[in-house]
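These are the residues of each chain, in order.
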Amino acid sequence: SIIVQEMAQAVRSLRRSVAFSGAAVVTLALGIGSTTAIFSVVRSVLLAPLPFPAPDRIVVPESRKTTTGETWSITYADFMDWRDQHVFSHVAVYQLVQMDLTGPAEPVRVQAAAVSPQFFGALGVAPAKGRVLQSFDYPDGAGYAVVISDRLWRTQFGARPDIVGRTVEINAIKRTIVGVFPPAARWPIDADLWVPLHIASELDPDLQRRDNYIFGGIARLAPGATLESTRAAMATLARRVEAEHSDIRANVTTVPTPVLQSMLGPSTPRALWILLGAVGLLLLIGCVNVANLQLARAAARRRELAVRVALGASRWRLVRQSLIESGAIGLTGGALGVVMAIWMVRAIVAIAPPDVPRIDTASLDLGTLGFALAVSSGVSLLFGLAPAAHAVRNRDHAVMGEGGQRTSVGRAGARTRRSLVTVELALSVVLLVGAGLAIQSISRLRRVDTGFDRRNVLTASISLPGIRYDSKPKVIAFLYQLRDRLAAAPGIEAAGISSASPLGGGGFYLGRSMVADGREPSPANEVPGSWNVATP
């Protein structure tokens, strides 16, 4: 057919211009590969639905300061209100703790979540193997059950099929693995173990306190309830608590936040969309560059086009031939860009900050490949329009002869190329300014005075298994012995122990309101503050 003949002619034409074809394909491959890789990350992190049944019904209860909008964790007393008033169909609390796992090849420190009974009901997720925690796992003396993540099952247990029922030692306590979480369905997203949250008594004064914000929450909306109606119900309960405890709960309410919004936070979506916009500009610059190359090549082919017109080629035939050549370049660049994108995605996942949720699931699936195909087709049309228009002008002026072409079409083509160069430079300036500002910000952050000498400073975290408050003298004795042994080790200049490491490197700060010496405790005089416990 004519189309097949023109495609074959386009391939022969591009093969005769190896330098042009190679430059155009590589330019587009870089732009398409970068855009596809970042789109893959955006799709996995921001756009992909959570792997839970009806994820839009799952919310994260949070405490919020009405005057500032700041949000934080919840109290157990608030959780009991929501549970007893049936605000949700399922609501649970959990605490994140570091635990030592022994039983695989080597002991490892893992992130664990101690969860209340309705936790798995709120998520609505079924285990990949075995079962989840049940109500009979919670009473004291009922045995010690644990659910592990798919990641932990594969990395520490070699994905052995008989994992359910295996006994492991967690914080010096023997526990039985009763189930494995599905690969992508994890909450919290950094947890690898789930154990029962044992509450000796809900009448414990610490659990009854309305300012003891030490629990995370997860809940599923009640049947027929909306996010707005649930928010109103929680606000009503919060106002009652504020009236009863005005000294510690002034201007504090509770809100349900959609689970994906809570997971991503405010900064991750903004950063990823900016990054996608930046690589989109890079792709646009590449398109303009290729369009300019196409125009220069078309100007060199004036005589060929004039001959084709003299032989009876129509305007549409010339435009079609130009677009077929552009399509061949665009699709070839797209195919090479997909190969580049595979490596780029792997590199992004490897170097991404650990707090970017779900980035480890980024890959080039069918949806991303469809995006790459659409981008390749779109850019083929984009950078093919200018050469096509040039071909039409050649068709209109072909009868004028070579001299006429040089005076009219040649000047028109030169003006078009100059315009494209201007657009390319403008886009490059925008991209370079943005990159320069980002590099300057990073450079300034690296030069910030932290207030202490960071050179040759190492930190490590430690949790002591099975420690109770009545064991405090033993804990203190052990920690001081550990510190003294570290200080005496070769190459150690000084050693110390604290409840939290600098710059959020682990542990926890103790937060309480503080009152200046000599002043009466009152909301007006109390100042919230965080403090750290440290050895000399």
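Since we're looking at a predicted model, the values are computed, not measured.

Draft legend 1. Spotlight on the overall build of the chain. The number of helices and strands found in the chain is 16 helices and 13 strands. In the chain, the share of contacts with a sequence separation of at least 24, taken over all contacts with a separation of at least 6, comes to 73%. If you sum the accessible surface of the chain, you get close to 29100 Å²; carbon and sulfur atoms cover 61% of it.

Draft legend 2. Local environment of the side chain of T268. Considering the arrangement of structural elements, one finds T268 in helix α10 (residues 267-300). T268 gets classed as buried once you look at its relative accessible area, which sits at 13%. From its side chain, T268 meets the backbone oxygen of L264 in a polar contact 3.2 Å long. Non-local contacts of T268, meaning those with residues more than four positions away in its chain, are made with V45 and V356.

Draft legend 3. Inspection of the packing of aromatic side chains at higher detail. Throughout the structure, instances matching the rule amount to nine aromatic pairs. Pairing W82 with F88 gives two aromatic rings, centres 6.4 Å apart and planes at 85 degrees, and the pair type is edge-to-face. Between Y94 and F119, the ring centres sit 6.0 Å apart and the planes meet at 80 degrees, which makes this aromatic pair edge-to-face. Of this pair, Y94 sits in strand β3 (residues 88-102) while F119 sits in helix α4 (residues 119-123); the two residues are 25 residues apart in sequence, bridging distant segments of the chain. This pair shows no difference in class: Y94 is buried, exactly as F119 is.

Draft legend 4. Representation of the nonpolar core in the model. Among the nonpolar cores identified, the biggest contains 34 residues, and W82, F88, I148, F157 and L193 are the most heavily contacted of them. No other element matches β3, which puts five residues into this core. Filtering out sequence-adjacent residues up to four positions away, W82 remains in contact with P61, I74, V87, F88, V91, M234, L237 and T254. Counting 27 residues, the second-largest nonpolar core is a separate cluster that includes F52, I58, A92 and A145.

Draft legend 5. View of the pattern of salt bridges. Within this structure, the stated rule accounts for 18 salt bridges. Here K174 and E169 are joined by a salt bridge, their closest N and O atoms 3.6 Å apart. Classification of K174 as exposed rests on a relative accessible area of 56%. Classification of E169 by relative accessible area gives partly exposed; the value is 29%.

Draft legend 6. Quick peek at unusual backbone geometry. The omega torsion of the bond from W187 to P188 falls at -10 degrees, within 30 degrees of zero and hence cis. With respect to the helices and strands, P188 occurs in the loop between β8 (173-180) and β9 (193-196). One non-glycine residue with positive phi stands out, namely A54, at about 45 degrees. When you line up the elements, A54 lands in the loop between α2 (18-47) and β1 (58-65). In this structure, A172 takes a positive phi of about 65 degrees despite not being glycine.

Draft legend 7. The arrangement of the pairing of strand β4 (residues 108-115) in detail. For β4, a buried count of six out of eight residues is recorded, marking the element as mostly surrounded by other parts of the structure. Where β3 meets β4, eight bridges bridge the pair, whose relative direction is antiparallel. Along β4, the bridge assignment pairs L96 with A113.

Draft legend 8. Up close: the pairing of strand β7 (residues 167-170). The alternating pattern of β7 places V168 and I170 on a buried face and T167 and E169 on a face that is not buried. Two elements, β3 and β7, share two bridges in a ladder whose sense is antiparallel. In the strand pairing of β7, T102 is matched with E169. Pairing of β7 with β8, which is carried by four bridges, proceeds in the antiparallel orientation. Across the sheet, T167 pairs through a bridge with T176, a residue of β8. Hairpin connection, β7 to β8: the antiparallel pair is bridged by two residues, and N171 has positive phi, about 50 degrees.

Draft legend 9. The arrangement of a nonpolar patch on the surface in detail. A contiguous nonpolar patch, built from V26, L30, L336, V339, I342 and W343 and spanning about 530 Å² of accessible area, is present on the exposed surface. Among the elements of the structure, α2 and α12 (315-351) are those that each provide at least two residues to the nonpolar patch. Take the nonpolar patch: its biggest share by element is four residues, from α12. Tracing the chain through its elements places L30 in helix α2.

Criteria and thresholds
Residues numbered from 1 in each chain as written. Predicted model: local features only at pLDDT ≥ 70, side-chain atom pairs only at ≥ 80, totals over all residues. Heavy atoms only, no water. Helix = DSSP H or I, 4+ residues; strand = E, 2+ residues; numbered from the N terminus. Contact = heavy atoms within 4.5 Å. Areas by Shrake-Rupley, 256 points an atom, 1.4 Å probe, with all protein chains shown as cover. Buried < 20%, exposed > 50% of the residue type's maximum accessible area, 1.4 Å probe, protein only. Polar contact = N/O pair within 3.5 Å; in protein donor to acceptor, adjacent residues only side chain to side chain. Phe/Tyr/Trp six-rings, centres within 6.5 Å; stacked < 30°, edge-to-face > 60°. Core = buried A, V, L, I, M, F, W, Y, C linked by side-chain atoms within 4.5 Å. Salt bridge = Lys/Arg side-chain N within 4 Å of Asp/Glu carboxyl O. Pairing = 2+ DSSP bridges. Patch = residues over 30% accessible without salt bridge, like charges linked within 9 Å, V, L, I, M, F, W, Y side chains within 5 Å.

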